[in-house]
Amino acid sequence: MDRRAFLGGVGATTALGALSGLGRAGGASGESRRGATSVGDAARTDPDWAVDWRSRWPTFGSAEPSSEVQPVVGDGRLFLTPRVAGVPGRAAEYEGEDAEFFAVGLDTADGSHRDGNTIEMGILSRMPAGTVRAAGRFVTTGLADEAERTFATVVTLPDEPRGWTTRVDGVPAGPPAATDETVLVPAGASVAALSASDGSVAWTAPFDSPVTGVTGADGTVYAATEEGALSALDAATGDPRWTASPLTNLGLRGPTVAGDHLLALDGWGGVHAVGTDGSEAWSTIPNGVVTAPDDGRGATGPPGTVGPVAADGERCYVAAVFGPEDRERTAVTALSLADGSEAWTHEFASAPRDDVHSVRNGPTLQPRVVEGSVWAAGDRTAVALDAASGDLRRRWGFGHPLRATPLPTPSAVYFLDGFGVYRLDRSGSDCGPYEVSTAGVSYERGMDGEELSVDGGVTADGCPVVGTVDLVVDGEYLASAGGYVAAGEGTTPYLAYGWEDLPESLDRATLRFRGTDGTVVDTRRVAIDDYREEPPDFSIRCPSMATTNLGVGTSVTVTAEVSNSGSEPGYVATLEADGSVVARRSGEIAREFHDDLEPCDGTTLALSTLLTGFESREITVRVEPTADEGSGDAERFGTVQSGDPYALGGGVAGLTLLGTYVRRKRRGDGSD
């Protein structure tokens, strides 16, 4: 077997959370309309969800995924494969000798390998294409070691019979598909039909350009190509039936059969439909979709999509990127299967962390539709929407970018982010009720300018949860954050929403806390702590003093780090000897926040003077606000024997005197 084809059963210890329990939902979603609160039949019978387990990505090599991952579940196993082939720009992530990706297979019962506390892994090629289930087996495809060839191989557990590996000519440009006992493998400008039982090639069909996607239904195989064509083949023989081409010059991906329509997506989010008999149907670009990057950076082509078009009996559902570069946002749109008209659109908020799979950042994750709910992913939030109306049913927030669209099953939902995999059980739990542990909003300066910073957390008694906090201001939903919270911790990841200039009239914000099932469990209306109303407060840290003997006196240079936790940046700094000012400096220090582990990161002040007269002088530095209100700080450095050529041992000497720390608070009325 090819080393990069699949080395099944290579074991490695993983950080697992075989975790049970979750709290009971304490309230309905405040954003659901017309009472829509369910996500399928399983959720309708019992709204309680539990964190069943979480399993972290392997932490060695290049195993942690940097972008999208394809999950496939079945027979008690969850298999995860990166999607590279057929997605422009992604192959570069896997260049170089160390750029292989470890595929991961997990036991759905506890997130582990069936054989113990290990995970099943296999090394895929540098251009993995995807995995499908056929005849009860997992089959994965990718670029083989040999140039210009695609492999397909069965993934096996250590105690299972050995599988098979087949190679066909052509570089993979799209993911595989399955129909009953057959695996359909795009390989260059061809499609190969392989037997799922032994890997033998039943037929190979040629095309005029690389095949980027394939599917099958009712005895017919459908293929999409890089040149924008859709074609139909006889599933038994591979003989061509019809070709509709070209529908677009952007290339097509992800063909899906929906009733009597065949649907595909182009790279910028356009949707194209033909009849399953090859007849013309419709093409559309949802309103607001960015069709080309207008940023002058010379994009080489559309970044494409990950996943096929989702569809039910009446509508299809697609995700694309809306808006200009500075306000990009992911949107999920429902289109009529009959004519492509827009039924509804749900837009993810344009959060400061860009909750968007941007056309400039990478491919867009396509939604899934299951049991009347549309599941969709932004960058760090996931939602379940009502398929008929687009109403929000549930929302989840995560601390890491999502790597796949949520994968719902009748008994559980799987979420995948940069940390790993979370399995949420929909069967209920015995945990206590949810409790909000913290709730606060402040307006402060962040790395990217002024922002609303949210401190909020939710917990359930004795149980781990997936907690989410939504920020709502003046009735407008702005952003979410959240993630896994261990039992009793009661925290969620930090959330900051960029706001160039918060209006003076806005003094309160609403925080909606969501539990593991994604519905609102508590709502808090809190005052916005606005730093613009706080007086300046200057602090001196990391002080040092250097002295140099000049024969006729002593040169003293004082250096200190100064930070300001208030709104007025103006300051005056003085260097005093025996209480008399000998040097002065003024300027501005904007409000800053510092990590306690690295305290010396404020504004650096340096004051110096020459002391003469053979006297001992007490050296002090004071930093005070120029405004009437506020507070300052004073640091006593120690004593310098000025003008004495022997006081410092002669020559040039550096002296650091810790001295006694003196802090003075000065208010507008002059009192201490």
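Use the structure listed above.
Residues numbered from 1 in each chain as written. Predicted model: local features only at pLDDT ≥ 70, side-chain atom pairs only at ≥ 80, totals over all residues. Heavy atoms only, no water.

Helix and strand counts for the protein chain come out as one helix and 50 strands. Relative to its full complement of 672 residues, the protein chain shows a buried share of 56%. For the protein chain, long-range pairs separated by at least 24 residues make up 60% of all intrachain contacts whose partners lie at least 6 apart in sequence. Only carbon and sulfur atoms are counted for the fraction: they give 46% of the accessible area of the protein chain, which is about 26,900 Å². (Helix = DSSP H or I, 4+ residues; strand = E, 2+ residues; numbered from the N terminus. Buried < 20%, exposed > 50% of the residue type's maximum accessible area, 1.4 Å probe, protein only. Contact = heavy atoms within 4.5 Å. Areas by Shrake-Rupley, 256 points an atom, 1.4 Å probe, with all protein chains shown as cover.)

On the basis of which strands lie adjacent, the open sheet formed by four strands has the order E20-E21-E22-E23 and antiparallel pairing. Looking at strand neighbours, the two that pair on one side only are strand E20 (252–258) and strand E23 (280–284), the edges of this open sheet. Each neighbouring strand pair of the sheet contributes to a mean axis angle of 15°, computed without reference to strand direction. Sheet topology places E20 next to strand E21 (residues 261–266); five bridges connect them, and they run antiparallel. Counterpart to Thr256 in the pairing with E21 is Leu263. (Pairing = 2+ DSSP bridges. Axes fitted to C-alpha atoms, helices over the stretch in contact; angles between N-to-C directions.)

Attention now goes to the sheet that holds strand E9 (residues 137–143). Taken in spatial order, the four strands make up an open sheet running E8-E9-E10-E11, and their pairing is antiparallel. Bordering the open sheet on either side are strand E8 (128–134) and strand E11 (165–169), each of which pairs with just one other strand. In this sheet, neighbouring strand axes are inclined to one another by 20° on average, regardless of whether the strands run parallel or antiparallel. One ladder, built from six bridges, connects E9 with strand E10 (residues 149–155); its direction is antiparallel. Looking at E10, one finds that Thr140 is bridged to Thr153.

Once that is clear, we can look at the state of the cysteines. One pass over the full model with this rule turns up one disulfide. The disulfide that involves Cys431 links it to Cys463, with 1.5 Å between the sulfurs. Given an S-S torsion of about -95°, the disulfide between Cys431 and Cys463 has left-handed geometry. Linking Cys431 in the loop between strand E36 (420–425) and strand E37 (434–446) with Cys463 in the loop between strand E38 (449–460) and strand E39 (465–473), this pair joins segments that are 32 residues apart in sequence. (Disulfide = S-S within 2.5 Å.)

Structurally, the position occupied by Thr409 is in the loop between strand E34 (407–408) and strand E35 (412–416). Discounting chain neighbours no more than four positions away, the residues touching Thr409 are Val73, Tyr414 and Arg426.

This paragraph deals with the packing of aromatic side chains. With the rule as written, the count across this model stands at 13 aromatic pairs. Geometrically, the ring pair formed by Trp396 and Phe415 is tilted, given 5.0 Å between the ring centres and 50° between the ring planes. Placement of the pair is Trp396 in strand E33 (residues 392–397) and Phe415 in strand E35, with a sequence separation of 19 residues. Between Tyr422 and Tyr484, the aromatic rings sit 6.4 Å apart at their centres with planes inclined by 40°, giving tilted as the arrangement. Here Tyr422 is found in strand E36, whereas its partner Tyr484 is found in strand E40 (residues 476–485), with 62 residues between them in sequence. Comparing Tyr422 with Tyr484, the two get one shared label, buried. Aromatic rings pair up to connect Trp49, Trp375, Trp396, Phe398, Phe415, Phe419, Tyr422 and Tyr484 into one cluster. Residue placement shows Arg133 over the ring face of Phe138; its charged tip is 4.8 Å from the ring centre. (Phe/Tyr/Trp six-rings, centres within 6.5 Å; stacked < 30°, edge-to-face > 60°. Lys NZ or Arg CZ within 6 Å of the ring centre and 35° of its normal.)

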